[in-house]
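# Topology and contacts: notes
One letter stands for each residue in the lines below.
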Amino acid sequence: MKRVSFWSSLVCLILTGICSACSNEDEPVVQLMDPQEMCNNNQWYPQDQTVLQWNEETVQARVGFLPTEEDTTQLKIVVSGTKPGRLETHGHSWTIHYLEVPIETVPGESEIHFNGQETTSAYDLSVQGVYTEKSVDIQCVYKVTGGIQTEIPYVLLLDKEHVQWKYDNWSGTVEWDGQTYTKTYFARQTWEKIIGRMSQEVTAVQMLFHANGYLDMALQYASETDFTPWMTVRYWYTEDHQMCWELTYEQENQFYDQWTGHPSIYLSPFLPYSNSESQLLYFEYETADSYLSFNVHPFVEDDLLLMYMKAKGLEGLTEKEQEELALLGTLIRGMDNDTDYIVYYPPIIQMKADKVE
């Protein structure tokens, strides 16, 4: 009996070893990509290997990825060339912030899927894409949800009630035509004459904002009752109560042709944005039930006014009227010395557009 028991035990031991060997065979290990590879030492991803679709429109943009401290699978995608951010001023210099959206990643063997969301009081933006060692494919869906009411026209009348001189931080007086005036009084009276001359050509501007981020503008010429389409531009919300309009170079020249003319020497109020073939004009704005109040960002507003005073503003003026305009230009250039203008930029001109229900 002991001999049978020995052989039975030996057989069981061999079978157990065979089964154990089978269960311990090496299974293939799946090697997932590391999301940190996407950061590329905080460098832009090669543009010729990047495809970015914005609301199904393919756009030229630079893309980069930044790490976060919380989780190695959570990154930030940075995009330059579309959706500009807020304008930050530093004395006479400036910075336009890039679009930056937190994303979550799902690594695979040969690609990494990612997605993110940015929701503000003015818009919703969703980002999703696929990263490989050779390409980045990104789809962005952008929709305006707040801010200025969309699909309702706003009409800006070119008169002294709707386009007002607001800058009143001046102290001191100015001599003009044998009289002494406070600087604010002289500037306001001269500005009202400017608006009166402008309205002899264009009496109103109509603005229609769309939820897809485009703005249609039309002009009502003095000899007509209807509005004539002028241009369609992108508009972007950049932070609370700040937005910018994105114009192509051709549209920028249309803007100058209509409003300022082309002086031989000027500082453009439009700011170039990264590698984009567009120019940005920044605004501050407030909304109410029946109107939109806005002004060109004070950082560039004086450049815009001085362009006008050096070119289109001189057309058809008498010598005395030109001298009056030149004196106003001198006062504007001297704002830095009269106030803390470099530290705080108050608006010079405030515009009020009425909502047309």
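Nothing here was measured: the structure is a model prediction, and the numbers come from that model. (Residues numbered from 1 in each chain as written. Predicted model: local features only at pLDDT ≥ 70, side-chain atom pairs only at ≥ 80, totals over all residues. Heavy atoms only, no water.)

Attention now goes to the sheet that holds strand β10 (residues 136-144). Spatially, β2-β1-β10-β9-β8-β7-β4-β3 is the arrangement adopted by the eight strands of the open sheet, whose pairing is mixed. With one partner strand each, in any of the chains shown, β2 (57-59) and β3 (62-67) form the two edges of the open sheet. The mean inter-strand angle of the sheet, taken between neighbouring strand axes irrespective of direction, is 25 degrees. The pairing of strand β4 (residues 74-80) with strand β7 (residues 99-107) spans six bridges and is classified as antiparallel. (Pairing = 2+ DSSP bridges. Helix = DSSP H or I, 4+ residues; strand = E, 2+ residues; numbered from the N terminus. Axes fitted to C-alpha atoms, helices over the stretch in contact; angles between N-to-C directions.)

What follows covers the pattern of salt bridges. Scanning all chains against the criterion turns up seven salt bridges. The salt bridge partner of E57 is R234, with a shortest N-O separation of 3.0 Å. One end of the pair, E57, is in strand β2; the other, R234, is in strand β17 (residues 228-239), with 177 residues separating them in the sequence. The exposure class assigned to R234 is buried, which follows from its relative accessible area of 12%. (Salt bridge = Lys/Arg side-chain N within 4 Å of Asp/Glu carboxyl O. Buried < 20%, exposed > 50% of the residue type's maximum accessible area, 1.4 Å probe, protein only.)

Attention shifts here to the environment of L66. Tracing the chain through its elements places L66 in strand β3. Along the backbone, L66 and M38 are 28 residues apart, and their C-alpha atoms lie at a distance of 8.1 Å. Aside from chain neighbours lying at most four places away, what touches L66 is C39, N42, L75, K76, V78 and E100. (Contact = heavy atoms within 4.5 Å.)

In regular strands, side chains alternate between the two faces of the sheet. With respect to burial, strand β20 (residues 278-287) is a largely interior element, seven of its 10 residues being buried. Alignment of strand β18 (residues 242-248) against β20, held across seven bridges, turns out to be antiparallel. Residue pairing in the sheet places L247 in a bridge with Q279 of β20. In this sheet, β20 lies alongside strand β19 (residues 271-272) in antiparallel orientation, the contact comprising two bridges. Each residue of the ladder has a partner; that of L271, found in β20, is L280. Alignment of β20 against strand β21 (residues 291-296), held across five bridges, turns out to be antiparallel. Within β21, the residue paired with T287 across the bridge is L292. If you look at the hairpin formed by β20 and β21, you'll find three residues sitting between the two strands.

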